[in-house]
Amino acid sequence: MIDLLNAWWAQQLVLCDWVFNPDPFSIAPEDARARLSILEVPDRGELGWRLLESLDAGGADADPAKLLAALELIALAGAAGWLAETQARAWAHWLTGEIVAHHRDLDAWLEALRRARSDEGWVRGDDNFAEACEALAVLEHEGDGITWDRLGEWLAVHDRPEALWPGNESAAVWRLRAGFAPILALPAGDQDWAGVAEWLAANWQVHGREDLVRALLWLGAQGDRQGWDLDASRLLSLDHDARRAWCDGLEAGEQRYGRTLMALLEQGEPLEWAAWDWLRLVDLAWAGACLGWLQADEAEAFALHAADLVQHRYSDWSALARGFQRGRSLFEGRDLLGTFAADWRLLLSSPLSPWRVPLQGLVDEAWLAPARKTMLGWRADPWHWVLALASVREPELATRQGVSVAVPPARRADARRYLAEHLDLYAEEGVEALVRYWLPAQAHHLNQLATDAAHGALPLAETHFGKADPGMLAQRNDLRTASRHAATIHMAEKYAFYLQMSFDSHDFDAGGLAALAEALRGSLCRFYPDARRLLEAWICWDALLPEEGQPALAPEIRWHLEDPGSLFHWLDWRVDEWHEPGPRPRLSQFTALALVGPLNSPPWSLPHRESEREAMAIREWVDGHFALHSAEELVEFVDFLLESGDRQEYQINYAPYTLNVARLASEIAILESGECSDEERTHLLRLQRVRDNEDGCNDTDLIAWDLAQAVDLAVAGRQLGWLEAGAFNKLLERAHGLAAGHYSGWEAYARGFYAGFSFFMGETPEREDFLASLRQALVAWLSAAPPLAGPWASLEFPGARPRHWAPMHVDTLPGDARLLH
């Protein structure tokens with residue numbers, strides 16, 4: 001039985017200078033590819049456009065020259081192996097149906113072709129065309145009886161096939177690439193995109209699989225849209241003059257972008273352009289498949305990821321295309337919305353467009369779910385947690401996803417400089433030194449303050465040493481808004497940035513850093529169930545505790561919260577065995593460490609053995625202030641401070657004078673009347689302080705001063721390696737017990753601390769400045785204004801009755817077994 005469609009199709013090819021052959025695919029593959037090249041169709045991408053353009057106007061207005069040219073291209077593509085025979089026949093069926101439907105007979109069809117002969121893009125010699133028309137007439141009337149009427153009847157009986165574009169199951173996702181070039185067939189190969197490797201190198205600086213994977217993940221997670229979104233958000237809050245000033249302040253190469261963005265704002269356009277990134281994600285995935293840099297399933301997973309994001313954001317194809325057009329406008333620095341209709345007419349209106357299916361539901365959930373797992377797999381390495389957190393401050397880090405990248409020498413130098421200048425951290429200290437930047441006690445402190453603030457249970461603003469600063473009090477009181485947000489992120493995001501800088505320096509053990517990254521991941525998963533909770537907590541705490549001299553991070557964090565492609569939404573959120581990057585002190589240890597008070601920086605973590613560089617400075621301090629040169633001497637002196645200390649000297653040498661005022665006055669008069677040695681001068685000053693009861697030295701238990709020094713020295717001993725953990729903890733327990741036995745609360749302890757500091761201070765011109773500074777510090781520690789001054793306001797004093805509300809979060813310090821907290 002004659003194949004009516006093939007026979008008629010072969011007849012039409014006579015008009016294209018073909019020798020008649022009943023099989024339209026009879027030409028040799030190499031000849032077909034050569035002919036396609038002559039017709040300026042170097043790949044299947046261009047072929048897709050030509051076929052789509054063949055029914056540009058559609059209906060009776062379709063260009064007959066383009067229809068005939070398309071019939072030839074389909075035959076050549078089938079012969080060349082670019083299209084399967086079934087798909088080529090499907091296209092021929094569609095095109096033939098259009099021809100028969102809008103031309104009453106062969107003569108009308110040939111006449112339409114004659115009129116179209118001179119159209120640009122389809123010009124043939126008069127004699128050849130006339131001869132071809134005559135040959136075609138002979139074939140119709142004297143050949144196999146393939147008449148116009150018979151062909152129309154055949155087409156009416158045989159429904160138009162739908163398989164013009166890949167559309168089965170997950171393959172439908174490739175319809176998203178049609179904005180660049182419609183994809184006709186799968187699998188991808190070198191026939192799909194001529195010069196793709198050169199294009200990737202020139203336009204993306206992508207030279208292989210690893211570069212490509214990083215670019216794909218960057219497009220999904222951040223792309224160009226993040227910077228544009230943030231700029232647009234800032235401009236919305238500015239008036240016209242301020243926007244103009246912003247644009248004028250851009251670098252010369254960026255001012256066209258700035259003017260385009262301002263134009264979009266002034267036109268009232270939606271400030272949304274994510275399609276620019278997500279459609280390019282599909283395009284690059286296809287490029288990787290064409291080159292073999294991605295396996296077919298890998299490329300499809302990236303395309304499905306883009307579809308997942310697109311369907312999350314856009315309702316239909318028109319909205320998607322307009323979002324892309326806005327992004328392209330910003331990228332090119334010129335408003336292209338005026339050409340939107342012309343640029344997208346074919347895809348949005350052609351009856352053969354691959355977009356003639358709804359965007360929503362383009363790909364079934366059954367196929368999106370595996371792709372999501374694949375995207376999570378690319379980010380499964382815990383180092384992606386570090387990248388996610390650090391990239392909020394440094395967005396360029398988002399380009400490192402998926403596959404590790406070599407760090408340039410300049411970047412390594414910058415990282416080393418940052419670590420030295422900001423953290424005083426050096427390579428010889430090793431990975432172990434990073435433990436000092438993990439501050440679990442700080443999170444406990446902030447959570448406790450926030451909970452107390454929510455219940456109106458914060459300390460009074462008025463203290464024995466003065467009143468807290470109103471601005472700092474307001475900041476402290478505002479912590480009530482964070483009572484539902486665990487505070488670990490406030491510390492952890494900085495820790496992640498330090499990890500990233502350490503990695504970039506290439507000076508620290510990569511395996512050790514990876515272990516810390518895994519510990520960071522585990523900690524955050526323990527305290528936050530998902531990206532939304534973590535980012536909301538970060539926004540809250542960043543607003544409450546801004547870094548001095550640094551802009552707020554809230555806009556950047558909020559972007560990650562709202563963008564479905566953000567890396568935070570594609571991390572490995574799971575709770576398993578939990579190991580923190582550093583030890584978590586018990587609540588009693590934290591309380592004992594806090595006895596140091598303003599004598600040192602707040603003890604947000606347990607001390608650990610420091611590097612030799614740090615140890616040198618600590619030894620100099622221990623030697624200069626206390627003349628201690630060994631572990632034995634330090635332990636002996638700490639024991640002395642805990643057992644008797646400076647307070648014993650007061651009790652023996654000065655307390656008796658409080659019972660004999662006349663003798664005190666006589667002793668002072670004798671010393672004042674003559675020349676004094678340094679030792680006698682010190683004695684005189686202390687007698688005068690007893691006489692004046694300066695800072696309440698006669699009425700206050702001075703053991704606080706000894707406890708503060710003892711704990712401070714114990715910490716130094718631990719940092720020097722002179723104290724093992726067990727011995728150090730026993731010293732803390734002794735200090736904790738002594739504090740509980742001598743004071744009722746932190747304010748009473750602070751009075752003893754201040755009185756001891758004041759009484760035993762040597763003669764110095766800066767005495768009043770030192771005392772004023774200490775009073776200010778004590779106010780801050782007692783009132784938690786500012787919140788991170790010190791932890792007294794969040795801790796129960798040793799032995800005191802509980803007065804704090806229980807925090808709502810698990811990121812609090814564990815209490816001892818005998819304590820209920």
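Residues numbered from 1 in each chain as written. Predicted model: local features only at pLDDT ≥ 70, side-chain atom pairs only at ≥ 80, totals over all residues. Heavy atoms only, no water.

Further remarks concern the overall build of the protein. Along the backbone of the protein there are 36 helices and two strands. A globule of 821 residues ought to have a C-alpha radius of gyration of about 28 Å, yet the protein, at 39 Å, is considerably larger. In terms of overall dimensions, the protein has a C-alpha envelope of 145 × 50 × 45 Å along the principal axes. Buried positions account for 55% of the 821 residues belonging to the protein. Partitioning the intrachain contacts of the protein with sequence separation of at least 6 by distance along the chain shows that 78% fall at a separation of at least 24. Summing over all exposed atoms, the protein offers an accessible surface of approximately 35,700 Å²; the carbon and sulfur share of this is 51%. (Helix = DSSP H or I, 4+ residues; strand = E, 2+ residues; numbered from the N terminus. Rg over C-alpha atoms; globule rule 2.2 N^0.38 Å. Buried < 20%, exposed > 50% of the residue type's maximum accessible area, 1.4 Å probe, protein only. Contact = heavy atoms within 4.5 Å. Areas by Shrake-Rupley, 256 points an atom, 1.4 Å probe, with all protein chains shown as cover.)

The subject of this paragraph is the packing of aromatic side chains. Overall, the coordinates contain 39 aromatic pairs when judged by the stated rule. Relative to tyrosine 754, the ring of phenylalanine 465 lies with its centre 5.4 Å away and its plane at 65°, an arrangement referred to as edge-to-face. Taken together, the residues span a long stretch of sequence, with phenylalanine 465 in the loop between strand 1 (462-463) and strand 2 (466-467) and tyrosine 754 in helix 35 (residues 746-760) at a distance of 289 residues. Grouping residues by exposure puts phenylalanine 465 and tyrosine 754 together as buried. Ring centres of tyrosine 654 and phenylalanine 759 lie 5.4 Å apart, and the angle between their planes is 75°; on these two criteria the pair is classed as edge-to-face. (Phe/Tyr/Trp six-rings, centres within 6.5 Å; stacked < 30°, edge-to-face > 60°.)

Here helix 34 (residues 725-742) contains 18 residues, and its C-alpha end-to-end distance of 26 Å stays within 8% of the 26 Å for a straight helix at 1.5 Å per residue. What helix 34 keeps buried is the set Phe728, Leu731, Leu732, Ala735, His736 and Ala739. Around the axis of helix 34, the buried residues are gathered within 140° of arc, so they sit on the same side. Every exposed residue of helix 34 that faces more than 90 degrees away from the buried side is listed here: Lys730, Glu733 and Gly741. For helix 34, the secondary structure elements touched by its buried residues are helix 27 (587-593), helix 29 (631-643) and helix 33 (703-720). (Expected span 1.5 Å × (residues − 1). Arc of directions from axis to C-beta.)

This part covers the environment of proline 602. Secondary-structure assignment places proline 602 in the loop between helix 27 and helix 28 (612-626). Sequence separation between proline 602 and arginine 412 is 190 residues; the distance between their C-alpha atoms is 31 Å. Excluding residues within four positions of it along the chain, proline 602 makes contact with Trp781, Leu788, Ala789, Gly790 and Pro791.

A full pass over the atoms with the stated rule returns 51 salt bridges. Arginine 50 is the salt-bridge partner of glutamate 46, the closest N and O atoms lying 2.9 Å from each other. With glutamate 46 and arginine 50 both in helix 3 (residues 44-53), this residue pair falls four residues apart, about one helical turn. Judged by its relative accessible area of 24%, arginine 50 falls in the partly exposed class. Between arginine 416 and aspartate 507 there is a salt bridge, and its shortest N-O distance comes to 2.8 Å. Separated by 91 residues along the polypeptide, arginine 416 in helix 20 (residues 409-423) and aspartate 507 in the loop between helix 23 (488-505) and helix 24 (510-527) bring together distant segments of the chain. (Salt bridge = Lys/Arg side-chain N within 4 Å of Asp/Glu carboxyl O.)

If you check helix 24, its first and last C-alpha atoms are 26 Å apart, about what 18 residues at 1.5 Å a residue would give, namely 26 Å. Buried residues of helix 24: Gly512, Leu513, Leu516, Ala517, Ala519, Leu520, Arg521, Gly522, Ser523, Leu524, Cys525 and Phe527, and no others. Summarising the contacts, the buried residues of helix 24 are in contact with helix 19 (383-393), helix 23 and helix 25 (531-544).

Bringing the packing of helix 29 against helix 30 (residues 645-653) into the picture now. Geometry of a packed helix pair, given as the angle between the helix axes and the separation of the axes. At a minimum axis separation of 5 Å, helix 29 and helix 30 run at an interaxial angle of 50°. The angle between helix 29 and helix 30 places the two elements in the oblique class. Mapping the contact onto sequence places Phe640, Leu641, Leu642 and Glu643 in helix 29 and Gly645, Asp646, Arg647 and Gln648 in helix 30. In terms of residue class, the contact of helix 29 with helix 30 is made up of three nonpolar, two polar and three charged. (Axes fitted to C-alpha atoms, helices over the stretch in contact; angles between N-to-C directions. Parallel < 35°, antiparallel > 145°, perpendicular 65-115°, else oblique. Nonpolar A, V, L, I, M, F, W, Y, C, P; charged D, E, K, R; others polar.)

Turning our eyes to something else, we now look at the packing of helix 16 (residues 317-332) against helix 17 (residues 340-349). Across the interface, helix 16 lies against helix 17 with an axial gap of 11 Å and an inter-helix angle of 140°. Remark: the crossing between helix 16 and helix 17 carries right-handed chirality. Counting all contacts with helix 16, which are made through Trp317, Ser318, Ala321, Arg322, Phe324, Gln325 and Arg328, the residues of helix 17 involved are Phe340, Asp343, Trp344 and Leu348. Taken together, the residues that form the contact of helix 16 with helix 17 break down as six nonpolar, two polar and three charged. (Left-handed = near helix turned anticlockwise from the far one by under 90°.)

Ranked by internal contacts, the top residues of the largest apolar core, which has 141 residues, are Leu434, Leu520, Trp538, Trp541, Phe568 and Tyr749. Here the element with the most residues in this core is helix 33; it accounts for 12 residues. Ranked by size, the runner-up nonpolar core spans 134 residues in total, among them Leu15, Leu67, Trp148 and Trp344. (Core = buried A, V, L, I, M, F, W, Y, C linked by side-chain atoms within 4.5 Å.)

Mapped onto the elements of the fold, arginine 584 is located in the loop between helix 26 (554-562) and helix 27. Within the structure, the side chain of arginine 584 is placed 2.5 Å from the side chain of glutamate 580, a separation counted as a polar contact. A polar atom in the side chain of arginine 584 sits 3.0 Å from the backbone oxygen of threonine 812. When neighbours within four sequence positions are excluded, arginine 584 is seen to be in contact with Pro440, Phe527, Trp578, Asp811, Thr812, Leu813 and Pro814. (Polar contact = N/O pair within 3.5 Å; in protein donor to acceptor, adjacent residues only side chain to side chain.)

What follows deals with a negative patch on the surface. Taken together, the side chains of Asp695, Glu766, Glu768 and Asp769 define an acidic patch exposed on the protein surface. Along the chain, glutamate 768 turns up in helix 36 (residues 767-783). (Patch = residues over 30% accessible without salt bridge, like charges linked within 9 Å, V, L, I, M, F, W, Y side chains within 5 Å. Lys, Arg positive; Asp, Glu negative; His and termini not counted. Charge placed at Lys NZ, Arg CZ, Asp CG, Glu CD.)

In the predicted model, the protein carries a mean pLDDT of 92, and 96% of its residues have values of at least 70. Note that pLDDT drops below 50 for residues 120-125; the model gives that stretch 15 contacts with residues more than four away or on any other chain. Overall, residues 817-821 carries pLDDT values under 50, and its contacts beyond four positions in sequence, including any with other chains, amount to three contacts. (pLDDT = per-residue confidence, 0-100.)

Between leucine 186 and proline 187 the backbone carries a cis peptide bond, its omega angle lying at 0°. Tracing the chain through its elements places proline 187 in the loop between helix 8 (148-157) and helix 9 (196-204). For the bond running from alanine 785 to proline 786, omega is 10°, close enough to zero to count as cis. Note on placement: proline 786 falls in the segment after helix 36. Phi is positive for glutamine 205, which is not a glycine, with a value near 55°. With respect to the helices and strands, the residue glutamine 205 is situated in the loop between helix 9 and helix 10 (209-221). Judged by relative accessible area, which is 52%, glutamine 205 ranks as exposed. You will see that aspartate 695, though not glycine, has its phi angle at about 55°, which is positive.

Inspection of the secondary structure assignment puts glutamate 269 in the loop between helix 13 (255-266) and helix 14 (274-291). The exposure class of glutamate 269 is buried, given its relative accessible area of 14%. A distance of 2.9 Å separates a polar atom in the side chain of glutamate 269 from a polar atom in the side chain of arginine 326. Excluding anything up to four places from it in sequence, glutamate 269 contacts Leu264, Arg322, Arg326 and Leu337.

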